[in-house]
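Listed below are the residues making up each chain.
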Amino acid sequence: MADKKARLTVDGLDEAIELPVYSGTEGPDVIDVRPLTGKGLFTYDPGFVSTAACESKITYIDGDLGILLHGGYPIEQLADKSDYLEVCYLLLNGELPTEAQKKEFIHIIKNHTMVHEQMSHFFNGFRRDAHPMAIMVACVGALSAFYHDSLDINDAHHREVCAFRLIAKMPTLAAMSYKYSIGQPFMYPRNDLGYAENFLHMMFGTPCEEYKPNPVLAKAMDRIFVLHADHEQNASTSTVRLAGSSGANPFACISSGIAALWGPAHGGANEAVLTMLEEIGDEAMIPEFVARAKDPEDPFRLMGFGHRVYRNFDPRAKVMKATCDQVLKELGVENEPLLKIAKRLEQIALEDPYFVERKLYPNVDFYSGIILKAIGIPTSMFTVIFALSRTIGWISHWSEFHSSPNRIGRPRQLYTGPKKRNYPLL
Ligand code: SDX
């Protein structure tokens with residue numbers, strides 16, 4: 001039921017068009033423009049800057065105040081007190097698990113971490129220097145070739161089984177894509193390790209000796225997973241929802257999310273930040289790069305800065321920065337040159353009117369790469385880590401979409417091409 005009404009008057013129309021206005025539990029009201037159908041009008045919002053594409057209960061962002069809530073819980077508290085698998089449960093179910101629920105959830109995930117042995121042959125088709133994101137797009141989509149037993153998208157149990165399989169198998173596939181690139185044997189998951197510990201084991205362990213994950217690095221890895229878990233209707237999540245609206249299977253939908261995340265304007269930014277910091281190379285070079293970022297004629301942008309929604313600090317960036325300091329101190333590399341360049345760059349940018357006027361602040365990607373590099377993860381794997389973490393957000397939104405009546409997403413356009421014309425008589 002609409003709480004309020006909007007009335008739209010349009011030159012040339014005899015009567016105003018009445019549009020329902022709905023209020024959520026938080027955030028801006030929305031104007032329901034569906035009554036425009038049949039009135040010869042479309043709304044126009046390239047980039048969906050002011051468009052609410054759906055109703056959702058999963059995550060709330062207040063860009064002006066720099067607030068991010070999952071199931072109502074602030075990201076700062078979840079990063080400090082929770083862990084990734086507990087956040088996965090929260091995003092899937094809308095509530096934190098009881099101790100018993102959490103224990104059962106962890107048991108289920110631990111027992112789905114292996115991939116079908118045939119998947120390992122799939123990798124052999126790739127060049128060793130293939131970008132791991134290319135491998136992930138392919139392999140995650142290919143999972144649908146193995147799980148015909150749970151692809152009924154209208155069956156809530158099937159949707160849950162797919163979510164479990166994806167949460168459990170993404171670290172395994174991610175680590176396999178890394179091992180393949182360095183010519184080392186794949187490491188099987190170990191059920192005696194925690195989620196992040198197991199990922200580090202599959203990444204850095206070898207059959208030659210037991211791998212003992214560093215608990216500080218494992219905790220930092222788990223926190224990075226938490227910070228990237230979900231983020232409302234971002235480009236990749238919207239891609240997953242749109243792919244899901246056609247009835248495509250969940251593995252194909254998640255693969256489409258991985259593809260969308262890969263771009264440097266989105267999840268690919270963490271890899272681009274490291275490349276940028278290495279290109280800057282020295283604090284003395286910062287002014288030149290800041291000038292380039294401000295030059296409208298130069299396509300260069302300060303990677304890891306700015307956000308479509310946040311017009312304040314990205315709350316995840318604050319936690320990431322603190323975690324970065326902790327990890328580098330623990331590793332005895334607190335004087336890491338790239339961190340010093342990043343901190344100086346942040347300081348300069350935040351004092352520069354160009355960035356201040358446009359409300360451009362560091363986002364989640366600005367510091368994450370420095371931590372990942374310190375953990376020993378190669379730059380090419382940074383966006384894979386983001387995709388691994390974000391899988392729970394993608395599958396939670398996909399599942400939410402299919403848990404209520406829905407329609408295929410099919411936007412329209414403002415057509416400015418040629419009017420109808422006849423094929424020239426020969
Ligand atoms: C993620 O949506 C999400 O939630 C995404 C994400 C998630 O968790 O899913 O948070 C993850 O993708 C974070 C963003 C990572 N991307 C980057 O760090 C790449 C660098 N940032 C920019 O490309 C940009 O800020 C975007 C893509 C993030 C946002 O682009 P918008 O909202 O379309 O903003 P815009 O391009 O319209 O910029 C507005 C102005 C422009 O200047 P003017 O035309 O007004 O003069 O700000 C400028 C832009 O040129 N600007 C920048 C800039 N970002 C914006 N100038 C220099 N450097 C930048 N980074």
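Our structure's up above, just so we're on the same page.
Residue indices begin from 1 for each chain and proceed along its sequence in written order. Given that the model is predicted, a residue must reach a pLDDT of at least 70 before its local features are reported, and side-chain atom pairs must reach 80 or more before they are shown or counted; all residues, however, enter totals for whole chains, interfaces and linings. For the side-chain quantities, the full set of heavy atoms in the structure was used; hydrogens and water were omitted.

Enquirer: Even after reading the chapter, I still don't get the nonpolar core, so can you show me in this structure?
Expert: Nonpolar side chains tend toward joint burial in soluble globular proteins. Within this scheme, the nonpolar core is defined by two criteria: the residues are buried Ala, Val, Leu, Ile, Met, Phe, Trp, Tyr or Cys, and they are joined through side-chain atoms within 4.5 Å. Accessibility here uses a 1.4 Å probe with only protein chains present; expressed as a share of the type maximum, an area under 20% marks a residue as buried, one over 50% as exposed, and anything in between as partly exposed. Formed by 113 residues in total, the largest nonpolar core has its most connected members in L173, F199, M221 and I377. Note on conventions: DSSP H or I runs of at least 4 residues are helices, E runs of at least 2 residues are strands, and numbering of each starts at the N terminus. The leading source of residues in this core is helix α6 (residues 156–182), at 13 residues. In what follows, residue pairs with any heavy atoms lying within 4.5 Å of each other are defined as contacts. If near-sequence neighbours (up to four positions away) are discounted, F199 is found in contact with P171, A174, A175, M221, F225, I377, I385 and L388. A6, I17, L19 and V21 belong to the second largest nonpolar core, which has five residues in total.

Enquirer: Hey, could you run me through the packing of helix α16 (residues 365–375) against helix α17 (residues 382–402) in this one?
Expert: What describes two packed helices is the angle between their axes and the distance between those same axes. In the contact formed by α16 and α17, the axes pass within 10 Å of each other and the chain directions differ by 110°. Taken together, the axes of α16 and α17 are roughly perpendicular relative to one another. Residues D365, G369, L372 and K373 of α16 form the contact with α17, whose participating residues are F382, I385 and F386. Put simply, Ala, Val, Leu, Ile, Met, Phe, Trp, Tyr, Cys and Pro go in the nonpolar bin, Asp, Glu, Lys and Arg in the charged bin, and everything else, Gly too, in the polar bin. Of the residues that constitute the contact of α16 with α17, the class distribution is four nonpolar, one polar and two charged. As a rule, the C-alpha atoms of each element are fitted with a line to give its axis, helices using only the stretch in contact, and angles between N-to-C directions run from 0 to 180 degrees. When describing relative orientation, an angle under 35 degrees is termed roughly parallel and one over 145 degrees roughly antiparallel, while 65 to 115 degrees is termed roughly perpendicular and anything else oblique.

Enquirer: I would appreciate a short explanation of the sheet that holds strand β4 (residues 59–62) in the present structure.
Expert: Strand pairs in the sheet, formed through backbone hydrogen bonds, run parallel or antiparallel to each other. Here the rule is simple: two strands pair whenever DSSP picks up at least two bridges between them. As summarised here, the arrangement of the three strands in space is β4-β5-β6, forming an open sheet in which the pairing is antiparallel. Here the strands that pair on one side only, and so sit at the sheet edges, are β4 and β6 (73–74).

Enquirer: Any chance you could explain the site of the ligand here in plain terms?
Expert: Only heavy atoms are used to decide nearness, and a residue is near a molecule or strand if one of them lies within 4 Å of it. In the vicinity of the ligand lie 23 residues, with H231, H307, R308, R316 and R390 positioned nearest. The definition of a polar contact used here is a pair of N or O atoms within 3.5 Å, where within protein one atom must be able to donate a hydrogen and the other to accept one, and adjacent residues in sequence count solely through side-chain atom pairs. Between the ligand and A265 there is a distance of 3.0 Å, counted from a nitrogen atom to a backbone nitrogen or oxygen. Here the open area of atoms and residues is found with the Shrake-Rupley method and a 1.4 Å probe, where only the protein chains shown may cover a residue. In isolation the ligand offers 1,100 Å² of accessible surface; the protein chains occlude 75% of this area. Of the residues in the shell around the ligand, the class split is ten nonpolar, seven polar and six charged.

Enquirer: Is there a simple way to explain the pairing of strand β5 (residues 67–70) in this structure?
Expert: Each regular strand shows side chains that alternate between the opposite faces of the sheet. When β4 meets β5, the two strands line up antiparallel, connected through four bridges. For T59, the partnering residue across the bridge sits in β5 and is H70. Here β4 folds back onto β5 in antiparallel fashion, the turn holding four residues, of which G66 has a positive phi close to 65°. With two bridges joining them, β5 and β6 adopt antiparallel strand pairing. Residue pairing across strands places H70 opposite Y73, the latter belonging to β6. Connecting β5 to the next strand, β6, in antiparallel fashion are two residues, including G71 with a positive phi near 55°.

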